[in-house]
Amino acid sequence: HRDPVAKLLLFGATGDLAQRMLLPSLYGLHADGLLPERLTITGAARHEHDDDQYRAFAKKALDEFLPADRKDEGAIGSFLERLHYQPTDLSDPASFQPLADKIGDVSGGLAIYLSTAPSLFEQAIEGLASVGLAGETVRVGLEKPLGYDLASSREINDAVARAFPEERTFRIDHYLGKETVQNILALRFGNSFFEPVWNAQGIDNVQITIAETVGLEERAGYYESAGALRDMVQNHILQLLALIAMEPPAHFDGTDVRDEKSKVFRSLRIMKPEDVPHNTVTGQYGDGAVGGKFVKSYAKELGKPSTTETFVAIKAHVDNWRWQGVPFYLRTGKRMATRRSEIAIQFKAVPHSMFAGRGGLLQPNMLVIRLQPEEYIQLLVMAKEPGLDRDGVRLREVPLNLSMDAEFAGSRRRIAYERLLLDLIEGDQTLFVRRDEVEAQWKWIDAIRAGWTANDTKPKSYPSGAWGPSAAIALTERDGVTWQDD
Ligand code: BG6
């Protein structure tokens with residue numbers, strides 16, 4: 001059931017995310033004729049722009065961030081006509097009335113996109129409610145970070161809930177907007193042959209990696225107080241884990257999909273402080289080289305010593321019937337050797353090898369779902385090498401390949417935010433995160449942080465361009481498991 005709004009209000013309209021992602025995404029939807037015809041977009045931020053100045057600002061962002069083959073001057077022109085602007089200071093209650101006046105009538109529906117520091121959330125929501133921008137026809141999209149632990153996230157959720165019921169609250173995790181992430185659902189629930197082995201009998205372990213080559217970028221203020229666990233694991237990695245681990249939902253809709261994900265989060269084994277040191281590894285990048293270029297350590301970029309982790313690896317467990325005894329190895333880091341987001345599912349070895357001694361070792365099958373930068377799915381299987389060997393058969397691991405890039409070469413790669421903005425505008429919550437999910441995620445995260453504090457755990461240094469500290473390798477090797485494809 002889709003219910004498009006007539007107006008979109010974009011907070012943070014002059015920020016980095018708006019320039020790189022939101023404006024190009026909205027333009028993409030516009031150019032493809034997917035936006036409601038009458039939709040107007042009002043930007044709000046502290047800058048003193050008027051409508052025309054904001055249109056010029058948006059034009060510049062599109063020039064810079066749209067791929068050349070997407071630039072259509074006609075479409076850009078008509079897109080810019082949708083844009084309006086109102087200077088707004090979220091921390092100033094007097095800012096909201098002029099904003100409401102600018103937006104005008106919201107009876108045709110208003111979607112608000114709110115991306116702000118957690119410290120401003122409550123004021124922003126209160127301000128909106130105080131001028132009638134939270135009524136029944138208004139929905140709100142919230143960008144991360146939604147707090148920094150369970151208590152602060154509850155506080156934000158409570159503040160939001162005072163003005164917006166859950167059915168009108170859209171929590172964004174941009175990973176859910178990625179095509180390849182949604183494809184996990186298609187792979188699992190659109191095919192019959194994975195599901196029978198998709199459990200502790202069939203699967204030995206699951207590995208989820210989000211490796212980045214970038215460092216601190218210009219986000220010291222935020223990142224230094226967040227760290228890799230809060231920045232990437234609490235949201236993106238746990239969402240990927242849930243899509244892999246959840247039971248088949250009855251319907252592809254916001255209620256059923258989120259019910260099943262939520263059950264997974266509630267099944268995550270909460271670590272006791274004494275379990276944390278041998279189930280987690282933290283690191284911080286030092287000087288090193290990424291892609292052949294020298295880069296400085298985190299501390300040097302920051303300009304002071306720090307104990308914030310830029311890398312984390314975790315051995316997690318989902319304590320339910322399906323997944324008993326199957327480790328989920330999770331890792332993410334900045335300044336790693338290559339940019340790669342990937343899920344690797346290692347199946348159990350064959351129960352008996354008739355080739356033993358006559359053709360080498362069998363590798364267990366593995367399903368690799370590469371989310372980025374390339375988009376492919378590979379099933380690694382054993383095959384016979386051609387040849388007339390007299391003393392047996394020579395076996396080798398070979399990939400069955402599905403390259404999404406090649407298979408769907410004709411279709412444009414969309415920005416994750418295109419999907420999410422469209423769903424926000426049309427009111428479909430399937431790919432947004434529900435309150436119970438976020439809170440169960442934080443509960444599990446907080447236990448890990450408490451363990452680090454109790455054990456006085458400090459991140460180990462790793463050279464930029466490595467796959468984290470060596471302890472991360474030991475985390476899996478101890479169990480006889482090797483991280484896929486390092
Ligand atoms: C964001 C994190 O949520 O995700 C960033 O705050 C990270 O630190 C980014 O770089 C990664 O997103 P993507 O889509 O580039 O994998």
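Here is what the cut-offs are and how they apply
- Residues numbered from 1 in each chain as written.
- Predicted model: local features only at pLDDT ≥ 70, side-chain atom pairs only at ≥ 80, totals over all residues.
- Heavy atoms only, no water.
- UniProt positions renumbered as here; feature names shortened; annotations may be inferred.
- pLDDT = per-residue confidence, 0-100.
- Buried < 20%, exposed > 50% of the residue type's maximum accessible area, 1.4 Å probe, protein only.
- Helix = DSSP H or I, 4+ residues; strand = E, 2+ residues; numbered from the N terminus.
- Pairing = 2+ DSSP bridges.
- Near = heavy atom within 4 Å.
- Polar contact = N/O pair within 3.5 Å; in protein donor to acceptor, adjacent residues only side chain to side chain.
- Areas by Shrake-Rupley, 256 points an atom, 1.4 Å probe, with all protein chains shown as cover.
- Nonpolar A, V, L, I, M, F, W, Y, C, P; charged D, E, K, R; others polar.
- Core = buried A, V, L, I, M, F, W, Y, C linked by side-chain atoms within 4.5 Å.
- Contact = heavy atoms within 4.5 Å.

As annotated in an unreviewed UniProt entry, the protein is Glucose-6-phosphate 1-dehydrogenase from Sphingomonas aurea. Recorded in UniProt under Sequence similarities (unreviewed entry), the annotation for the protein is "Belongs to the glucose-6-phosphate dehydrogenase family." Turning to the protein, the UniProt annotation filed under Catalytic activity (unreviewed entry) states: "D-glucose 6-phosphate + NADP(+) = 6-phospho-D-glucono-1,5-lactone + NADPH + H(+)".

Another aspect to go through is the confidence of the model for the protein. Low-confidence regions, as indicated by low pLDDT, have predicted coordinates that should not be scrutinised in detail. With 100% of its residues at a pLDDT of at least 70, the protein reaches an overall mean of 95. Interface scoring of the predicted complex returns ipTM 0.99; its pTM is 0.97.

With 9 of 11 residues buried, strand E8 (residues 280-290) is to be regarded as a mostly interior element. Looking at chain direction, E8 and strand E10 (residues 311-317) are connected through 4 bridges and run antiparallel. Within E10, the residue paired with valine 281 across the bridge is alanine 313. One ladder, built from 5 bridges, connects E8 with strand E16 (residues 460-464); its direction is parallel. The residue bridging glutamine 284 from the neighbouring strand is serine 461, located in E16.

Turning our eyes to something else, we now look at the site of the ligand. By nearness alone, every residue bordering the ligand is listed as Lys144, His174, Tyr175, Lys178, Glu212, Arg219, Asp231, Met232, His236, Lys334, Arg339 and Gln372. Note that an oxygen atom of the ligand is positioned 2.5 Å from one of the side-chain N or O atoms of lysine 178. For the ligand, an oxygen atom lies 2.6 Å from a polar atom in the side chain of glutamine 372. Relative to its free-state accessible area of 400 Å², the ligand is covered by the protein chains to the extent of 82%. The element that contributes the greatest number of residues to the shell around the ligand is helix H8 (residues 220-245), accounting for 3 residues. Of the residues contributing to the shell around the ligand, the split by class is 2 nonpolar, 3 polar and 7 charged.

Here we take up the nonpolar core. Counting residues in each nonpolar core, the largest one holds 110 residues, and the members touching the most others are Leu241, Ile314, Phe328, Ile343 and Trp444. The element that contributes the greatest number of residues to this core is H8, accounting for 13 residues. Apart from the residues lying within four places of it in its own chain, the contact partners of isoleucine 343 are Ile184, Val206, Gln207, Ile208, Leu240, Ile244, Leu367, Val368, Ile369 and Leu371. Leu9, Phe96, Val106 and Val138 belong to the second-largest nonpolar core, a separate cluster that totals 27 residues.

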